[in-house]
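The residues making up each chain are set out below.
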Amino acid sequence: LLVCLALGNEGNILALTSSGVVEPLLNCLNPNGDPKLIEAAARTLNAIYASPKVSRQELFMGNHLNSLVQLLDAYSSGYRVGQEVVLLHTAELVASILARCCETTDQQMQIAASGAVPLLMRLLASGVSKSQEAALGALAALVKDNSELARRIAQMRLDKGERPAPYILRLVRDKSPNMRLAAVTCLTYMNRAGVILEHNSDIMLTVLPMLVKMLQLTGSVQEAAPRVLGMSRQGANTSHLIWESESMQKAVCDMDAIPKLASIISQMDEEDNVYGIVGQKDKLKEVCIRSSCRALHSSTAMHTPTIANSLLALAAISQLKEDCRKQVVEAKVLPHIVAAMSHPSVGVRAAACQCTRSLSRSVMNLRTSLVDAGIETPLFQLLSDNDPGVLSSATATLCNIVLDVSPMKKSIMDRGIVAKFVHMIGCGNNIVRLNAVWAIKNLVFKAESDVKETVMRQFGYHNLAQLLNDGELAIQEQALNLVRNLACRREQDIDHVFRGLGSGQLLGIIEDKLTWDDQHLLEHALYVLVNIATGSEYHKQSIMKRPGILRSVLGLMSHGSATIRVATIWVIINLTWPDEKIAHGVHDRVVLLRSMGVEDRLQSLNADHDLDVRDRVKTALHHFHLDQQQYGHNGNGMTEQAASTTTIGSNQPDHTLRLTGHGSTADQDSQAGARETFGNATTSSAMEEEGTSTHERR
């Protein structure tokens, strides 16, 4: 009876667990007990643990886990003859239970410490299909996002001395779809853990094609295949096959995975002509979205996970490659993605946002396809969604939508987006807070002075000051990037930042950041100085009056990172920029910097292994040489101007646009006779550089 109840809906399961049924069921798992009772208890627990809402804590208390693991040994000589089938089925159920109870690294390690892995290996090599599937499921759950345990398992031996990976690769070609799915899932997690590098070619030539073929199957296999291809749950993308892998994303595109996924997502009546006649944009757009909404909203609960997983797979495939994004657009799936953003399922809404986020990393899509699809309104509405995962994805997407290349930027601002972001930075979700700061940074990238002032009137410099000292380093980094962009391009922009934060407070914060052992904070703090140093004599002197800053810049000129060394040299270049109107001010700065040993340090960098460092050194030393010509013993006047002065701002979102790591650098080549400013905009992946600016997408 309990089994029947547990196999019902989630309400039944939660009612059972609230009545305290788990502990008695665990007590039934005594290896010396009645095998049929043990099997029934294991079957019931397996059904109960199918619900993610059920706590796994009781399993890890007392001796329950050890008793459970002993039941994996279906071939022990101590078992009675005639019970083999029951014992083997029990072992399969136990493996399934363990797979469902590996939600944390601590749980994974406890299960491994209990001796489960060798018994799972024996079950894997049993030759019994159902047992092998169950063992693969448990092993996959153990190695997922756990490189330490994955490495240990990859180095183990099966009964005949073979490593697990080659054995599992053969199972990828099994006649059973469920076996193939279990095998590719396990290999995927091992591959992403980096423990089977010798089988990379097998992953590309065997596992990827098999996953793509599975997209055309039905039922649970079709539901799970896109999940393995892309991501299994919101935010957990480290263990999935193609995420952050450009080569694999390209390979999947070449296998026509995108049309197959688009077909899954577009589950609707064939008679619904949702695309209509090209050209009737506004009316057509409304018809498309309504038709798509009807199709998606009418999907059964069974279809919902498949749609969500397919959207996430599309998001993963189109994350890095422009050609892949183009295929998504050409598959005519955009109206359905937009419709999915209003789906009643949280998972579908979040997945649709992820898909939009990947597509918004394309400048072309930002300018055309996403606008035509009507993405703006549903995306803005999701900023009021109650689900943290949906809100995180929506804010990450907005990091790209507010970039200067997007025609939606102005209308999004007119909707009151800044006020929304102000509210978000006060919430308890650090991912949402990070995205909000990231989006504001992108919003002011390359913006006119009046736009920057409007944004900061609403956002508030008091909020920015707090974020510059936030407890989350990633938020501090983006807050520094926001300062970079605010102080980028014009003297009046620097004045505005000085007034807003107070020059003393701002430079005090920068001085403090320059003592931190964090390369990202150091880089952005230095580029704030670079931008300030392109300003007026007052702005330059404000830096020169901070000996702590100057000492830090000198010290960081010997930093191990070429990126940091380049940034320090840009500070020197801009502080010593020749200007006939303030020649004595420039000379005073050169004298002070020379006395501190800056010129000698620059001379030592002439032989730096990094070309960019050497090029910047030439410019900086030229400034010192010009000063010596004018004020040195030869008495010669200034003969020429150096190439340029530079300011560098930052705009990063996707949220790379995380990037995740934010992988773009400013194009810092000087132009003769021109004063340059460098802005850094982030989306989720690197966008094309425009002039001397860098775009990053979230």
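Residues numbered from 1 in each chain as written. Predicted model: local features only at pLDDT ≥ 70, side-chain atom pairs only at ≥ 80, totals over all residues. Heavy atoms only, no water.

## Digging into the overall build of the protein chain
A count of helices and strands for the protein chain gives 40 helices and four strands. The buried share of the protein chain, reckoned over its 698 residues, is 57%. A total accessible area of about 27,800 Å² is found for the protein chain, and carbon and sulfur atoms account for 50% of it. (Helix = DSSP H or I, 4+ residues; strand = E, 2+ residues; numbered from the N terminus. Buried < 20%, exposed > 50% of the residue type's maximum accessible area, 1.4 Å probe, protein only. Areas by Shrake-Rupley, 256 points an atom, 1.4 Å probe, with all protein chains shown as cover.)

## What about the packing of helix 27 (residues 417–424) against helix 28 (residues 430–443)?
Between helix 27 and helix 28, the least distance of the axes is 8 Å, while the angle of their chain directions is 145°. Considering how the two elements wind past one another, helix 27 and helix 28 form a crossing that is left-handed. Only Val432, Arg433, Ala436, Ala439, Ile440 and Leu443 of helix 28 make contact with helix 27, whose side of the interface consists of Val418, Phe421 and Met424. For the contact of helix 27 with helix 28, a count of residues per class yields eight nonpolar, no polar and one charged. (Axes fitted to C-alpha atoms, helices over the stretch in contact; angles between N-to-C directions. Left-handed = near helix turned anticlockwise from the far one by under 90°. Contact = heavy atoms within 4.5 Å. Nonpolar A, V, L, I, M, F, W, Y, C, P; charged D, E, K, R; others polar.)

## Quick notes on the pattern of salt bridges
This structure, assessed with the given rule, holds 21 salt bridges. For Glu148, the salt bridge goes to Arg152, with nearest N and O atoms at 3.9 Å. A residue pair is termed a helical-turn pair when its members lie 3 or 4 positions apart in one helix, as Glu148 and Arg152 do in helix 10 (residues 147–154) at four residues. Here Glu148 falls in the partly exposed class, since its relative accessible area comes to 48%. Look at Arg152 and you get partly exposed, because its relative accessible area is 43%. Note that Asp385 and Arg349 form a salt bridge whose closest N and O atoms lie 2.8 Å from each other. Here Asp385 is found in the loop between helix 24 (376–381) and helix 25 (388–401), whereas its partner Arg349 is found in helix 21 (residues 346–359), with 36 residues between them in sequence. (Salt bridge = Lys/Arg side-chain N within 4 Å of Asp/Glu carboxyl O.)

## Looking at the environment of His520
Structurally, the position occupied by His520 is in helix 34 (residues 519–532). Residue class for His520 comes out partly exposed when judged on its relative accessible area of 35%. Through-space distance from the C-alpha of His520 to that of Leu473 is 9.3 Å; in sequence the pair is 47 residues apart.

## Some details on the packing of aromatic side chains
Taken as a whole and judged by the stated rule, the model has one aromatic pair. Ring centres of Phe498 and Tyr538 lie 6.1 Å apart, and the angle between their planes is 75°; on these two criteria the pair is classed as edge-to-face. Residue Phe498 is located in helix 32 (residues 491–501), and its partner Tyr538 is located in helix 35 (residues 537–544); the two are separated by 40 residues in the primary sequence. On the basis of relative accessible area, Tyr538 is assigned to the partly exposed category, the value being 48%. The positively charged end of Arg415 is found above the aromatic ring belonging to Phe380, 5.5 Å away from the centroid. Positioned above the aromatic ring of Trp516, the side-chain terminus of Lys513 is 4.7 Å from the ring centre. (Phe/Tyr/Trp six-rings, centres within 6.5 Å; stacked < 30°, edge-to-face > 60°. Lys NZ or Arg CZ within 6 Å of the ring centre and 35° of its normal.)

## Notes on helix 9 (residues 129–143)
In a regular helix each residue adds 1.5 Å, so 15 residues correspond to 21 Å; helix 9 covers 21 Å between its end C-alpha atoms and thus fits that length. Of all 15 residues that make up helix 9, twelve are buried, and the element is covered over most of its length. Every buried residue of helix 9 is listed here: Ser131, Gln132, Glu133, Ala134, Ala135, Leu136, Ala138, Leu139, Ala140, Ala141, Leu142 and Val143. Looking at the packing, one finds that the buried side of helix 9 touches helix 6 (84–100), helix 7 (105–113), helix 8 (116–124), helix 10, helix 11 (164–171) and helix 12 (177–192). (Expected span 1.5 Å × (residues − 1).)

## Comments concerning the side chain of Gln476
Inspection of the secondary structure assignment puts Gln476 in helix 31 (residues 473–486). Judged by relative accessible area, which is 3%, Gln476 ranks as buried. At 2.6 Å, the side chain of Gln476 and the backbone oxygen of Asp470 are in polar contact. Here Lys513 takes part through its side chain, which lies 2.6 Å from a polar atom of the side chain of Gln476. Beyond its immediate stretch of four places on either side in the chain, Gln476 contacts Leu467, Leu468, Asn469, Asp470, Lys513, Trp516 and Leu521. (Polar contact = N/O pair within 3.5 Å; in protein donor to acceptor, adjacent residues only side chain to side chain.)

## With respect to the nonpolar core
Leu72, Leu124, Ile317, Leu464 and Leu602 are the most contacted members of the largest nonpolar core, which totals 219 residues. For Leu602, the contacting residues outside a window of four places in its chain are Met557, Ile569, Ile572, Val617, Ala620, Leu621 and Phe624. (Core = buried A, V, L, I, M, F, W, Y, C linked by side-chain atoms within 4.5 Å.)

## With respect to the state of the cysteines
For the structure shown, the criterion picks out one disulfide. The partner cysteine of Cys253 in its disulfide is Cys324, sulfur to sulfur 2.3 Å. Placement of Cys253 in helix 15 (residues 246–254) and of Cys324 in helix 19 (residues 322–330) is noted, with a sequence separation of 71 residues between them. Judged by relative accessible area, Cys253 falls into the buried class, the value being 4%. Of the cysteine sulfurs around Cys102, a residue in no disulfide, the closest is that of Cys101, at 7.3 Å. The class for Cys102 is buried, based on a relative accessible area of 12%. (Disulfide = S-S within 2.5 Å.)

## Focus on the confidence of the model for the protein chain
Across the protein chain, the average pLDDT comes to 83, with 81% of residues at 70 or higher. Taking the mean pLDDT of every element in the protein chain, the minimum, 38, falls on strand 2 (residues 674–678) and the maximum, 98, on helix 36 (residues 547–556). Low pLDDT (under 50) marks residues 294–300, which in the prediction has 14 contacts with non-local residues, meaning those over four places away or in another chain. Throughout residues 633–647 the model reports pLDDT below 50, and contacts reaching past four residues in sequence, or to other chains, amount to 58 contacts. (pLDDT = per-residue confidence, 0-100.)

## Section: the side chain of Glu523
Structurally, Glu523 is set in helix 34. Leave out the neighbours within four places in its chain, and Glu523 touches Thr563 and Ile564.

## Some thoughts on unusual backbone geometry
A positive phi is found at Asp145, a non-glycine position, where the angle reads about 60°. Relative to the helices and strands, Asp145 is located in the loop between helix 9 and helix 10. Note on Asp145: relative accessible area 34%, which makes it partly exposed. Although it is not a glycine, Arg489 sits at a positive phi angle of roughly 95°. In this structure, Arg489 sits in the loop between helix 31 and helix 32. For Arg489, a relative accessible area of 35% gives the class partly exposed.

## A look at the packing of helix 9 against helix 12
In the contact formed by helix 9 and helix 12, the axes pass within 9 Å of each other and the chain directions differ by 25°. Classed by the angle they form, the pair helix 9 and helix 12 counts as roughly parallel. As for how helix 9 packs across helix 12, the hand of that crossing is left-handed. Counting all contacts with helix 9, which are made through Ser129, Gln132, Glu133, Leu136, Leu139, Ala140 and Val143, the residues of helix 12 involved are Asn178, Met179, Ala182, Ala183, Thr185, Cys186, Tyr189 and Met190. Here the residues of the contact of helix 9 with helix 12 sort into ten nonpolar, four polar and one charged. (Parallel < 35°, antiparallel > 145°, perpendicular 65-115°, else oblique.)

## Description of the environment of Ser19
With respect to the helices and strands, Ser19 occurs in the loop between helix 2 (10–18) and helix 3 (22–27). At 2.5 Å, the side chain of Ser19 forms a polar contact with the backbone oxygen of Leu16.

## A word on the environment of Gln319
Relative to the helices and strands, Gln319 resides in the loop between helix 18 (303–317) and helix 19. Take Gln319: its relative accessible area is 0%, and that puts it in the buried class. For the pair Gln319 and Ile242, spaced 77 residues apart in sequence, the C-alpha to C-alpha distance is 9.5 Å.

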